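So you can see what is in the structure, the chains are spelled out below.
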Amino acid sequence: MKVLYFAWLRERLNRASDEVTPPDSVRTLDDLVCWLRSNDEALDLAMANPRQFKLSKNARIVPWDTPIDGAETVAILPPMTGG
Amino acid sequence: MILVSASPFDPGALLAAFAADHPHAGAAVTFTGMVRSSPDRPINALILECYPELAENEIATLRGRAIERFGLIDAAILHRYGRLVPGEAIMQVMTLAAHRQAAFDGAQFLMDYLKTDAPFWKQEETASGTQWVEANTADDAARDRWAK
């Protein structure tokens, strides 16, 4: 599974993506974020206020409790500033 | 029409072409967002980062919701990414309806959601370097007034 990072989150991590294989205990996107943060101090710090982020699964924004089944690409999206 | 692109666009030409496709519309509303450099806060450029595939999907969903909710005849959304200089158009929303109120409301709805729910991130390039633009809570409030 590919995890994408954008904007200042990408800069703070110094990379745009990771290829990960989460354990079976990771069932939702929320679980995935917890697991990623537990393995990466920089991500953990950058996501200290986690609910400001939106998540996408296969290029659709979805709720945090969305099951991870079928996820090929997950993105962690800092607050958006378009328009 | 939905277009997420790094290429510049001509706001007036787009409106003329869009409106010409729908001769039965009685009202057209256009909003064009521009790169701003003010005297008290001058910038050299605005750099927009984007997740294009997600942007196209989310904008398509918003467009469908706006058409259904306000009974629009059509709606078009264009959004650029990449490096833009002051005066350039960043994005444009165009709505067509039988009457003006629906066209105004549809455009406002789309703008309010695009600010907070479309995956674009602005970075200002100034004489002293680049800074990410912070999300504005007033934008969240503007979007939330449409929730029902």
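Conventions and cut-offs
Residues numbered from 1 in each chain as written. Chains lettered and ligands numbered in written order. Predicted model: local features only at pLDDT ≥ 70, side-chain atom pairs only at ≥ 80, totals over all residues. Heavy atoms only, no water. Pairing = 2+ DSSP bridges. Helix = DSSP H or I, 4+ residues; strand = E, 2+ residues; numbered from the N terminus. Axes fitted to C-alpha atoms, helices over the stretch in contact; angles between N-to-C directions. Contact = heavy atoms within 4.5 Å. Buried area = accessible area lost by both parts, 1.4 Å probe. Salt bridge = Lys/Arg side-chain N within 4 Å of Asp/Glu carboxyl O. Polar contact = N/O pair within 3.5 Å; in protein donor to acceptor, adjacent residues only side chain to side chain.

Draft legend 1. The arrangement of the sheet that holds strand β5 (residues 82-84) of chain B in detail. Residue and element names in this part refer to chain B. The strand order across the open sheet formed by 4 strands is β5-β3-β7-β8, and the pairing between neighbours is antiparallel. With partners counted over all chains shown, the strands left at the sheet margins are β5 and β8 (129-132), one partner each. With direction set aside, neighbouring strand axes in the sheet form an average angle of 25 degrees. When strand β3 (residues 45-50) meets β5, the two strands line up antiparallel, connected through 3 bridges. Residue pairing in the sheet places Leu-46 in a bridge with Leu-84 of β5.

Draft legend 2. Spotlight on the sheet that holds strand β1 (residues 2-5) of chain B. All names here are of chain B. Read from one edge to the other, the open sheet built from 4 strands follows the order β1-β4-β6-β2, with strand pairing classed as mixed. The sheet is open, and its two edges are formed by β1 and β2 (27-34), each paired on a single side. Averaged over neighbouring strand pairs, the angle between their axes works out to 5 degrees when direction is ignored. With 6 bridges joining them, strand β4 (residues 74-80) and strand β6 (residues 89-97) adopt antiparallel strand pairing. Counted as the bridge partner of Leu-78 is Gln-92 from β6. Of the strands in this sheet, β1 and β4 touch helix α2 (residues 52-70), which is tilted by about 155 degrees from β1. Helix-sheet contacts for helix α3 (residues 100-117) involve β2, β4 and β6, and the interaxial angle to β6 is about 145 degrees.

Draft legend 3. Structural detail: the environment of Leu-43 of chain A. Mapped onto the secondary structure, Leu-43 of chain A falls in helix α3 (residues 41-46). Leave out the neighbours within four places in its chain, and Leu-43 of chain A touches Tyr-5, Leu-9, Leu-13, Leu-36 and Arg-37 of chain A.

Draft legend 4. Layout of the interface of chain A and chain B. In this assembly, 20 residues from chain A lie in contact with 27 residues from chain B. Taken over both partners, the interface formed by chain A and chain B buries close to 1,900 Å², and the fraction arising from carbon and sulfur atoms is 56%. A per-residue breakdown of the area chain A buries against chain B is headed by Met-80, Thr-81 and Gly-83 of chain A, which together make up 35% of the total. Taken together, the links from chain A to chain B amount to 2 salt bridges. Here chain A and chain B share 14 residue pairs in polar contact (both at pLDDT 80 or more) between them. Residue assignment for the side of chain A that touches chain B shows that the elements contributing at least two residues are α1 (7-13), β3 (54-57), β4 (60-62) and β5 (73-77) of chain A.

Draft legend 5. How the structure looks around the pairing of strand β1 (residues 2-5) of chain A. Residues and elements named next belong to chain A. Both β1 and strand β2 (residues 17-19) contribute to a ladder of 3 bridges, which runs antiparallel. Bridging across to β2, Leu-4 finds its partner in Ser-17. When β1 meets β5, the two strands line up parallel, connected through 4 bridges. In the strand pairing of β5, Tyr-5 is matched with Ile-76.

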